[in-house]
Amino acid sequence: MRSLIDIVDFSVEELDALIATACDIIDNPAKYSEKCKGKKLATLFFEPSTRTRLSFEAAMYELGGNVIGFSEAKSSSAAKGESVADTAKVISCYADIIAMRHPKEGAAYVAAKNATIPVINAGDGGHCHPTQTLADLLTIYREKGRFDNLTVGFCGDLKFGRTVHSLINALSRYTGIKIVLISPLELKLPSYVKKDVLEKNNITYVQTTDLEEVMPELDVLYMTRVQRERFFNEEDYLRLKDSYILEPSKLKNAKSDLCIMHPLPRVNEISVAIDDDPRACYFKQVLNGKYMRMALILKLLEEAAK
Ligand code: NCD
């Protein structure tokens, strides 16, 4: 059974095909409005979410399908001690496809091992978040028209930011990519991502604490929230939470066609004064996420039917 647990579960060609489907959905929504008639998506969210859960739901409704699910662990049998493996087996009896978010790394993998229907990882702890990456890739494609030869800066919480880990994985398969890692020393990209992804793929990367210094070279700036829920103590969070705040003055040396992204939710990392700047792409990213989730649901259901 085909699932999406990690972005590298899909080849570059498969991601290109998803982007093509998403673009076709944007141009011809009516063509897709009944494609999932009679099908059910189960959204199993053991961790808070606005965009990811609602965009999965909107995606399924726009495909003519239905949605069941829960939005917090305490309203599910997890509160009684049910294992992820058992939940996956049970939901396989009710639905055709699962989208699951869980605070533990590897939870979606366990679900996929036990489910008899496709499982989509909607975020597993600080590990990865492949469907946010689908949203990010469509955004980069629509804004820049390419993935090769881009300098992409990641700024903020690169340690716990699962969207960062997944997007770096995806971009590492293209040529001429340069990654600029901007974070406080305590929130640097985990060494497993550096070794297993960047170094293994011979990707040029630099690490810095200074956003303004690297700003002029960036084609894409991916801002992130400091992930409060993954900190072990509140003091560290309070000390680090406002390490980077993108304000208009910080963009004075930025490229005129810089693409500013953020998976959202934003806390303080991007001043609202940036929202009207044509380079701000984070709300476009939200919409792109829905189209890519539609393309993904279609692909996985088609493969499951084979
Ligand atoms: C991200 C996540 O859940 O990892 N949000 C999202 O899905 N768009 C980023 C975050 O929570 O900071």
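Quantities reported herein were computed from a predicted structural model and do not represent experimental measurements.

Caption draft 1: Structural context of the sheet that holds strand 5 (residues 151-155). The strand order 7-6-5-8-9 describes an open sheet built from 5 strands, whose pairing is parallel. Edge positions in the open sheet fall to strand 7 (204-208) and strand 9 (259-261), since each of these has one partner strand only. The sheet shows a mean angle of 15 degrees between the axes of neighbouring strands, direction not considered. Sheet topology places strand 8 (residues 220-223) next to strand 9; 3 bridges connect them, and they run parallel. Looking across to strand 9, one finds that Tyr222 is bridged to Met261. Here helix 5 (residues 130-144) sits on the sheet in contact with strand 8 and strand 9, set at roughly 165 degrees to strand 9.

Caption draft 2: Inspection of the packing of aromatic side chains at higher detail. Counted according to the given criterion, the structure contains 7 aromatic pairs. Between Phe154 and Tyr222, the ring centres sit 5.4 Å apart and the planes meet at 45 degrees, which makes this aromatic pair tilted. Of this pair, Phe154 sits in strand 5 while Tyr222 sits in strand 8, and the two are 68 residues apart along the sequence. Take Phe154: its relative accessible area is 0%, and that puts it in the buried class. Each ring, one from Phe160 and one from Phe231, has its centre 5.6 Å from the other, and the planes form 55 degrees; the classification is tilted.

Caption draft 3: Focus on the domain arrangement of the chain. Taken as a whole, the chain is organised into domain 1 (7-128 + 289-305) and domain 2 (131-285). Put simply, the middle of domain 1 and the middle of domain 2, counted by C-alpha atoms, are 25 Å apart. Across the domain 1/domain 2 interface, buried area totals approximately 2,200 Å², and carbon plus sulfur atoms make up 62% of it. When the buried area of domain 1 at its contact with domain 2 is split by residue, Ile7, Ile19 and Arg51 rank highest and sum to 25% of it. Taken together, the links from domain 1 to domain 2 amount to 2 salt bridges. Among the ionic pairs, Glu47 bridges to Arg230, the shortest N-O distance being 3.0 Å. The tally of links from domain 1 across to domain 2 stands at 9 residue pairs in polar contact (both at pLDDT 80 or more). Elements represented by at least two residues in the side of domain 1 that touches domain 2 include exactly helix 1 (12-27), helix 2 (51-62), strand 3 (97-102), strand 4 (119-124) and helix 10 (282-305). At 8 residues, the largest contribution of residues to the side of domain 1 that touches domain 2 is made by helix 1.

Criteria and thresholds
- Residues numbered from 1 in each chain as written.
- Predicted model: local features only at pLDDT ≥ 70, side-chain atom pairs only at ≥ 80, totals over all residues.
- Heavy atoms only, no water.
- Pairing = 2+ DSSP bridges.
- Helix = DSSP H or I, 4+ residues; strand = E, 2+ residues; numbered from the N terminus.
- Axes fitted to C-alpha atoms, helices over the stretch in contact; angles between N-to-C directions.
- Contact = heavy atoms within 4.5 Å.
- Phe/Tyr/Trp six-rings, centres within 6.5 Å; stacked < 30°, edge-to-face > 60°.
- Buried < 20%, exposed > 50% of the residue type's maximum accessible area, 1.4 Å probe, protein only.
- Domains from an automatic or database assignment.
- Buried area = accessible area lost by both parts, 1.4 Å probe.
- Salt bridge = Lys/Arg side-chain N within 4 Å of Asp/Glu carboxyl O.
- Polar contact = N/O pair within 3.5 Å; in protein donor to acceptor, adjacent residues only side chain to side chain.

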